[in-house]
Amino acid sequence: MMLKFDTQFSPRLLKSKPNLFLSLFLGSLIFTSCASASYDKEGAIQTTESYNAVQEVGDISQANKALPQKKPQLIKKAQVTVIVNSLDKSVDAVEQIINQQNGYLLSLEETQLNNSDSRPNATVQMRVPQNLLETTLNKLSELGTVQSRSISAEDVGEQIVDFQARLTNLRRTETNLQKIMDKSGSVKDILGVAQELSNVREKIERITAQLKSLQNQVAYSTITLNLEAAVSKKGNQPGLPSQIQDAWNNSTSSFAAFTVGLMKLGIWLVVYTPYLFVLIAAGYFLNRKLHFSRRWQQTPQSRNSENN
């Protein structure tokens, strides 16, 4: 069966063609309007979500700013090397600075080297309040020429918080064990609880000591000061009067030491005199015996020679 399409439009179709075009135009217009409304709705939703996200971020940042920032617990240590003109005067000045800054001296080591090319030096270790660390370093730098300077810090805030939490738990355990001890029970149970209570209190004392040590290191900073003389001992030779005085002092000291040595030797001889007499007597009798034996051996020989 063959279908045949006529390319010629019928009059009825021509009459309905404007209506068809009008329907297509209205349909496309409605579709475009719906799509545009849908797009505007989705855009509005996305815009609202973006605004809400930005507002949430802003609220979080404002909340973070509102939270109190915890101060770090820092252990600060400083090391300074200063070249000074007079070592003795500088050491005295350092002690005065420590007292002015409400600190305390840990150690002082002064070295006077015998090598003529070396320079005398001193090492001073001190502790000062942390808020006065910079002021103290500036005052120490004024003693002479700063050769080196360094500051290091260690945050021990987490360790302090950990120790405090452990102390809280241990004290709670101590209270509970003490309540158990107050109740009546068998001797075995009481002894067991007492032993556990003793262990808990020992831990409390140990952690308390560690916590106080950390807090003290945070409150007071440690400064190690190295002082070096500007000139060596070779460039600071004593004058002739000083050399004569040193020679006189050395000779008198040697004479006194020699005299004391002779006196000690005399005391030793006096103490051991009995033994010395015994040795002398024994030697004398031994010598007499040997001499007598020799004469006894020579007497028969002389007699035989006379008879011959």
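Everything discussed here concerns the structure shown above.
First, a word on scope: everything that follows refers to the structure included in this document.

About the cut-offs
- Residues numbered from 1 in each chain as written.
- Predicted model: local features only at pLDDT ≥ 70, side-chain atom pairs only at ≥ 80, totals over all residues.
- Heavy atoms only, no water.
- Helix = DSSP H or I, 4+ residues; strand = E, 2+ residues; numbered from the N terminus.
- Buried < 20%, exposed > 50% of the residue type's maximum accessible area, 1.4 Å probe, protein only.
- Contact = heavy atoms within 4.5 Å.
- Areas by Shrake-Rupley, 256 points an atom, 1.4 Å probe, with all protein chains shown as cover.
- Salt bridge = Lys/Arg side-chain N within 4 Å of Asp/Glu carboxyl O.
- Core = buried A, V, L, I, M, F, W, Y, C linked by side-chain atoms within 4.5 Å.
- Pairing = 2+ DSSP bridges.
- Axes fitted to C-alpha atoms, helices over the stretch in contact; angles between N-to-C directions.
- Expected span 1.5 Å × (residues − 1).

1. Topic: the overall build of the protein
Each helix and strand in the protein was counted, giving 7 helices and 5 strands. In the protein, the succession of helices and strands from N to C terminus is α-β-α-β-β-α-β-α-α-β-α-α. Taking all 308 residues of the protein together, the buried fraction comes to 16%. In the protein, once contacts between residues fewer than 6 apart in sequence are set aside, the share between residues at least 24 apart is 80%. Looking at the protein as shown, the accessible area adds up to about 24,300 Å², and 57% of this sits on carbon and sulfur atoms.

2. Structural notes on the pattern of salt bridges
Should the charged atoms of two oppositely charged side chains come close, the side chains can pair. Enumeration according to the criterion identifies 3 salt bridges in this entry. Where Arg-166 meets Asp-162, a salt bridge forms, and the shortest distance between an N and an O atom there is 3.7 Å. Of this pair, Arg-166 and Asp-162 both sit in helix α4 (residues 157-182), 4 residues apart, which is roughly one turn of the helix. For Arg-166, a relative accessible area of 39% translates into the label partly exposed. Judged by relative accessible area, Asp-162 falls into the partly exposed class, the value being 37%.

3. So, the nonpolar core
In terms of nonpolar packing, the biggest core is built from 19 residues, with Val-94, Met-126, Leu-140, Ile-223, Leu-225 and Leu-227 touching the most fellow members. At the level of elements, β1 (74-84), α2 (87-100), β3 (121-129), α3 (133-141) and β5 (220-229) are the ones that each hand at least two residues to this core. Considering every element that reaches this core, the biggest residue donor is α2, with 5 residues. Leave out the neighbours within four places in its chain, and Val-94 touches Val-124, Met-126, Leu-140, Leu-143, Leu-225 and Leu-227. Core analysis: the next-biggest nonpolar cluster, separate from the first, contains 15 residues, Val-156, Leu-167, Val-193 and Leu-214 among them.

4. Concerning the side chain of Gln-101
Locating Gln-101 in the fold gives a position in the loop between α2 and β2 (104-111). Leaving out residues up to four positions away in the same chain, Gln-101 has contacts with Val-128, Pro-129, Leu-132, Thr-135, Thr-136 and Lys-139.

5. Things to note about the sheet that holds β5
Reading across from one edge, β2-β3-β5-β1-β4 is the order of the 5 strands in this open sheet, with mixed pairing throughout. Every interior strand has two partners, whereas the edge strands, β2 and β4 (145-155), have only one. If you compare each strand with its neighbour and ignore which way they point, the axes differ by 10° on average. Two elements, β1 and β5, share 8 bridges in a ladder whose sense is parallel. Within β5, the residue paired with Ala-78 across the bridge is Ile-223. Across the face of the sheet, α3 comes into contact with β1, β3, β4 and β5 while running at roughly 165° to β4.

6. Structural notes on the environment of Ser-90
On the secondary structure map, Ser-90 appears in helix α2. On the accessibility criterion, Ser-90 (7% relative accessible area) is buried. Excluding residues within four positions of it along the chain, Ser-90 makes contact with Val-84, Leu-143 and Leu-227.

7. Details of helix α5 (residues 187-219)
Its 33 residues place the ends of α5 47 Å apart at the C-alpha level, agreeing with the 48 Å of an ideal helix rising 1.5 Å per residue. Within α5 the residues assigned to the buried category are Val-193, Leu-197, Val-200, Ile-204, Ile-207, Leu-211, Leu-214 and Val-218. Tucked inside the fold, the buried residues of α5 contact β1, α4 and β5.

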